[in-house]
Amino acid sequence: EREPLVLGIETSCDETGIGIVRGRTLLANAIASSMDEHARFGGVIPEIAARAHLESMTPTIERALADAGVTLDEVDAIAVTGGPGLAGALMVGVSAAKALAVSLDKPLYAVNHLVGHVGADLLHGDGLRPAVGTVGELELPTVALLVSGGHTSLLLVRDLVGDVELLGETIDDAAGEAFDKVARLLGLPYPGGPHIDRVAAEGDTQAIRFPRGLTLPKDMAKHRYDFSFSGLKTSVARWVEKRVAAGEDVPVADVAASFREAVVDVLLTKALAACADLGVPRLLLGGGVVANARLREVAAERSAAAGVELRVPPLSLCTDNGAMIASLGAQLVAAGHAPSSLSFGADSTLPV
Ligand code: KG4
Ligand code: ZN
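Residues numbered from 1 in each chain as written. Chains lettered and ligands numbered in written order. Predicted model: local features only at pLDDT ≥ 70, side-chain atom pairs only at ≥ 80, totals over all residues.

Asks: Residue-level account of the domain arrangement of the protein chain, with values.
Replies: When cut into domains, the protein chain gives domain 1 (5–130 + 317–334) and domain 2 (142–312). Just the C-alpha atoms count here: the centres of domain 1 and domain 2 sit 27 Å apart. Contact with domain 1, which involves 18 residues of that partner, is made by 20 residues of domain 2. Elements represented by at least two residues in the side of domain 1 that touches domain 2 include exactly helix H1 (35–39), helix H4 (113–119) and helix H11 (323–334). The leading source of residues in the side of domain 1 that touches domain 2 is H4, at five residues. Of the residues that constitute the side of domain 1 that touches domain 2, the class distribution is 11 nonpolar, six polar and one charged. (Domains from an automatic or database assignment. Contact = placed C-beta atoms within 7 Å. Helix = DSSP H or I, 4+ residues; strand = E, 2+ residues; numbered from the N terminus. Nonpolar A, V, L, I, M, F, W, Y, C, P; charged D, E, K, R; others polar.)

Laid out in structure tokens, this is it:
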């Protein structure tokens, strides 16, 4: 029996992602981003993102089909991000998915965006190489650390399509958001993560000891491994303000390197603590912040020291994309799950 051909639609933030997979084989991963339109505002503007999804949807679907060399008729199922994400943006993807499912008479599967990031790791295909680690099957259970401009979540994944537990999430800014805000106060362009990374390469990671905020007040944290980045951001702002008030130059490279070190430290300390506490010797990274060179480097070092197997999918599958959604859809089909009813709606706070 042939593995299911699944088309996945992702529109939770600023990327219109259309992926096509056959089982675990990646056939196409077409992406249109509206980031250029948000850049001048210094953040993603939900209405602009939703409108851009609407305009990009048909051309991106056509591009994915051409890349995969398949027609819509051949597709066995449609998968779509049901949430979490920006409500208006999600709605465009969900509407497109329903329209396709109804008109083609194919089953429709709504999936969780965060779990989709983990599903990306199942995929193999021409030229796909993990960003860190070796090629091989994803073993479960695994802890997954998902870090982007919109989310910072720690999951325990026992079964991709049935048993995923939220271990922690940010109670304020997402990790990527913290990078973007600190970049802004250092006068670097948006999105700031790549610029902090570039500037930090010339700086001293130990120059300034910014607070980690590793333990959160009990009344603020809901989960054992929740994160908080607003205190760190504020302490960077205060440090820079003091320098400026004293008429001194701001050592941008040192601030960037020390800030990046603090974020990387917090993320990996909590993720590896979860691995140790739960007795799970596997850690998977996903999300746009995985593009950070220092995060991947320290993750590799500390995981090795802790006897934890580190998995980092190719960067093209770490940032938001439709292939990861298609991958999860294929798993749902393979596991014999019932399709979603056509009455489901986009859910901006969909739990895992
Ligand atoms: O997953 P993604 O492409 O989009 C969503 O947030 O949905 O992630 C983008 C985020 C931005 O906040 C960006 O600043 C951050 O990831 N980012 C980085 C780096 N590259 C992108 N953060 C730190 N270091 C980087 N090299
Ligand atoms: Zn994401």
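Asks: Please give an account of the sheet that holds strand S1 (residues 5–10) that cites residues and values.
Replies: With mixed pairing, the five strands of this open sheet are ordered in space as S3-S2-S1-S4-S5. Among the strands making up the open sheet, the edge pair consists of strand S3 (25–33) and strand S5 (108–112). Neighbour-to-neighbour, the strand axes of this sheet turn through a mean angle of 20 degrees, independent of strand direction. By the bridge criterion, five bridges tie strand S4 (residues 77–83) to S5 in an arrangement that is parallel. The residue bridging Val80 from the neighbouring strand is Ala110, located in S5. Against the sheet, helix H3 (residues 87–104) engages S1, S4 and S5, with an angle of about 160 degrees to S4. (Pairing = 2+ DSSP bridges. Axes fitted to C-alpha atoms, helices over the stretch in contact; angles between N-to-C directions.)

Asks: So, the packing of helix H5 (residues 175–185) against helix H7 (residues 230–245): which residues are in play, and what are the values?
Replies: Two packed helices can be described by the angle between their axes and the distance between those axes. At a minimum axis separation of 10 Å, H5 and H7 run at an interaxial angle of 10 degrees. On the basis of the axis angle, H5 is roughly parallel to H7. The residues of H7 that touch H5, namely those facing Ala178, Lys181, Val182 and Leu185, are Leu232, Lys233, Val236, Ala237 and Val240. In the contact of H5 with H7, the residues fall into seven nonpolar, no polar and two charged. (Parallel < 35°, antiparallel > 145°, perpendicular 65-115°, else oblique.)

Asks: Please provide a residue-by-residue account of the environment of Gly85, values included.
Replies: In this structure, Gly85 sits in the loop between S4 and H3. Expressed as a C-alpha distance, the spacing of Gly85 and Cys13, which sit 72 residues apart in the sequence, is 6.1 Å. In this view, Gly85 contacts Ser12, Cys13, Leu90, His113, Gly150 and Ser348; residues no more than four positions away in its chain are not counted.

Asks: A description of the site of ligand 1 should follow, citing residues and the corresponding values.
Replies: Contacts to ligand 1 come from 20 residues, most closely from Gly149, Gly176, Gly193, Gly288 and Asn292. Listing elements by their share of the shell around ligand 1, those giving two or more residues are H5 and helix H6 (193–200). With four residues, H5 is the largest single contributor of residues to the shell around ligand 1. Looking at the shell around ligand 1, its residues break down into six nonpolar, 10 polar and four charged. (Near = placed C-beta within 6 Å.)

Asks: Explain the confidence of the model for the protein chain residue by residue, including any values.
Replies: For the protein chain, per-residue confidence averages 96 on the pLDDT scale, and 100% of positions sit at 70 or higher. With a pTM of 0.96, the predicted complex shows an ipTM of 0.97. (pLDDT = per-residue confidence, 0-100.)

Asks: Describe in detail the UniProt feature "domain: Gcp-like" (unreviewed entry) in the protein chain, supporting the description with residues and values.
Replies: The residues that UniProt annotates with the feature "domain: Gcp-like" (unreviewed entry) are residues 26–326. Strand forms 16% of residues 26–326 and helix 46%; the C-alpha atoms that close the span are 9 Å apart. (UniProt positions renumbered as here; feature names shortened; annotations may be inferred.)

Asks: Quick rundown of the packing of helix H8 (residues 252–278) against helix H9 (residues 293–306)? Include the residues and the values.
Replies: The contact between H8 and H9 brings their axes to 10 Å, and the two run at 35 degrees. Of the two elements, H8 crosses H9, and the hand of that crossing is right-handed. The residues of H9 that touch H8, namely those facing Arg260, Val264, Leu267, Leu268, Leu272, Cys275 and Ala276, are Arg294, Leu295, Val298, Ala299, Arg302, Ser303 and Ala306. Residue classes in the contact of H8 with H9 are distributed as 10 nonpolar, one polar and three charged. (Left-handed = near helix turned anticlockwise from the far one by under 90°.)

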